[in-house]
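# Understanding the architecture of this molecule
Here are the chains, one letter per residue:
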Amino acid sequence: MNPYLDIVIRSAAVYLFMVIALRVFGKKELSQLNTADVILILLISNSVQNAMVGNNTTLWGGLAAATILFAINFILKKLIYRYKNFSNFMLEKPEILIHNGTLDFKNLSKLDITSDELKEAMREHGIEYFKDVKLAMLEIDGNISIITGEYTLKQTHYKRKKNHKNLIQGN
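For the structure given in this document, a descriptive report is provided here. Starting from 1, residues in each chain are numbered consecutively following that chain's sequence as written. pLDDT decides what is reported in this predicted model: residues at 70 or higher carry local features, side-chain atom pairs at 80 or more are listed and counted, and totals for whole chains, interfaces and linings draw on all residues regardless. Side-chain figures throughout are based on the complete set of non-hydrogen atoms in the structure, without hydrogens or water.

Moving on, we come to helix α4 (residues 59–82). Helical segments are the DSSP runs of H or I of at least four residues, strand segments are the runs of E of at least two, and each set is numbered from the N terminus. Multiplying 1.5 Å by the residue count of a helix minus one yields the expected span of that helix. Given a rise of 1.5 Å per residue, 24 residues ought to cover 34 Å, and the 34 Å separating the end C-alpha atoms of α4 matches this to within 8%. The cut-offs for exposure are 20% and 50% of the maximum accessible area for each residue type, with area from a 1.4 Å probe on protein chains only; residues under the lower value are buried, those over the upper are exposed, and the others partly exposed. Buried residues of α4: G61, A64, A65, I68, I72, L76 and I80, and no others.

Spelled out as structure tokens, the structure:
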């Protein structure tokens, strides 16, 4: 077998494994990184390197692996934006954490979000008390967004997707 085709197949397999693993372990892992998470990412990258390139430690072998990773990532992003069912499969939905000052303990427990993590997110938004939060959401990118105030709430998740598509199309 062509050694570069072998690298392409191995790299694609590792990439797809990592996508599935991150999907299974949750979106929180993507943005709420602590020291252990950073160490895990570094160790995973080191452990899968040989699985992708095998014994080929040449520059061309590394470039072939990197190229296929970029290509698969590009294709997956295009598929996510183009096909709603694929997007629904690949991306999790936003989750409500606090609504009108009331914590959703069921979602917080399901998502393994501690009160310390939630308080940290509130402090980052300049909020001291749960009662001041109109809406707190764990977004699909793993970030916690928080809305305060007395104004009427509107869903901005879909608006953000539309704006993102407009940015891509140059509108």
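Right, let's get into a nonpolar patch on the surface. Judged by side-chain polarity, Y4, L59, W60 and L63 come together as a nonpolar surface patch covering roughly 460 Å² of accessible area. Considering each element in turn, the nonpolar patch owes the most residues, three residues, to α4. L59 sits in the exposed class, given a relative accessible area of 60%. Any residue with relative accessible area above 30% and no salt bridge may belong to a patch, with like charges joined within 9 Å and the nonpolar Val, Leu, Ile, Met, Phe, Trp and Tyr side chains within 5 Å. With residues, only the protein chains shown are counted as cover, and all accessible areas are computed by Shrake-Rupley using a 1.4 Å probe. The term salt bridge refers to a side-chain nitrogen of Lys or Arg lying within 4 Å of a carboxyl oxygen of Asp or Glu.

A few words now on the side chain of E139. Mapped onto the elements of the fold, E139 is located in the loop between β3 (133–138) and β4 (144–148). Since its relative accessible area comes to 9%, E139 is described here as buried. A 3.5 Å cut-off defines polar contacts: any pair of N or O atoms within that distance qualifies, except that in protein one atom must be a possible hydrogen donor and the other a possible acceptor, and neighbouring residues in sequence count only when both atoms are side-chain atoms. Within polar-contact distance, the side chain of E139 engages the side chain of S145 at 2.4 Å.

What follows deals with the sheet that holds β3. Strands were regarded as paired on the criterion that DSSP finds at least two bridges between them. Taken together, four strands build an open sheet; the order of strands is β2-β1-β3-β4 and the sheet is antiparallel. With partners counted over all chains shown, the strands left at the sheet margins are β2 (102–103) and β4, one partner each. Contacts from helix α7 (residues 115–124) reach β1 (95–99), β2, β3 and β4, with the element oriented near 60° to β4. By definition in these notes, contact holds between two residues if any of their heavy atoms fall within 4.5 Å. Lines fitted to C-alpha atoms define the axes here, with helix axes fitted over just the stretch in contact, and angles between the N-to-C directions of these axes take values from 0 to 180 degrees.

Once that is clear, we can look at α7. Every buried residue belonging to α7 is among E117, L118, A121 and M122, and all of these are buried. Summarising the axial view, the buried residues of α7 lie within an arc of 140°, below the 170-degree limit, and thus occupy one face. Seen from the buried face of α7, the exposed residues on the opposite side, beyond 90 degrees, are D116 and R123. G126 sits one or two positions beyond α7 and adopts a positive phi of about 75°. The directions considered for the arc are those from the helix axis to the C-beta atoms.

This part takes up the nonpolar core. Ranked by internal contacts, the top residues of the largest apolar core, which has 15 residues, are L97, I98, I113, L118, V133, I144 and I146. The set of elements that each furnish at least two residues to this core consists of β1, α7, β3 and β4. Among buried residues, those of type Ala, Val, Leu, Ile, Met, Phe, Trp, Tyr and Cys that are joined through side-chain atoms within 4.5 Å constitute a nonpolar core. If you look at the next biggest cluster of nonpolar residues, it comprises eight residues, including A12, Y15, V19 and I68.

Turning to the environment of M52, a few remarks are in order. Here M52 shows up in helix α3 (residues 35–53). Judged by its relative accessible area of 12%, M52 is buried. Residues M52 and V14, spaced 38 residues apart in sequence, show a C-alpha to C-alpha distance of 6.8 Å. Beyond its immediate chain neighbours, meaning those up to four positions away, M52 contacts I7, R10, S11, V14 and L69.

Going through the model one piece at a time under the given rule, you end up with three salt bridges. Between R10 and D6 there is a salt bridge, and its shortest N-O distance comes to 3.0 Å. Highlighted residues: R10 and D6, both in helix α1 (residues 3–25), separated by four residues, approximately one helical turn. A residue is classified by how much of its surface remains accessible, and R10, at 31% relative accessible area, is partly exposed. Notably, a salt bridge pairs E95 with K110, separated by 3.3 Å at the nearest N-O pair. Separated by 15 residues along the polypeptide, E95 in strand β1 and K110 in helix α6 (residues 105–110) bring together distant segments of the chain. Assessed through its relative accessible area of 15%, E95 is described here as buried.

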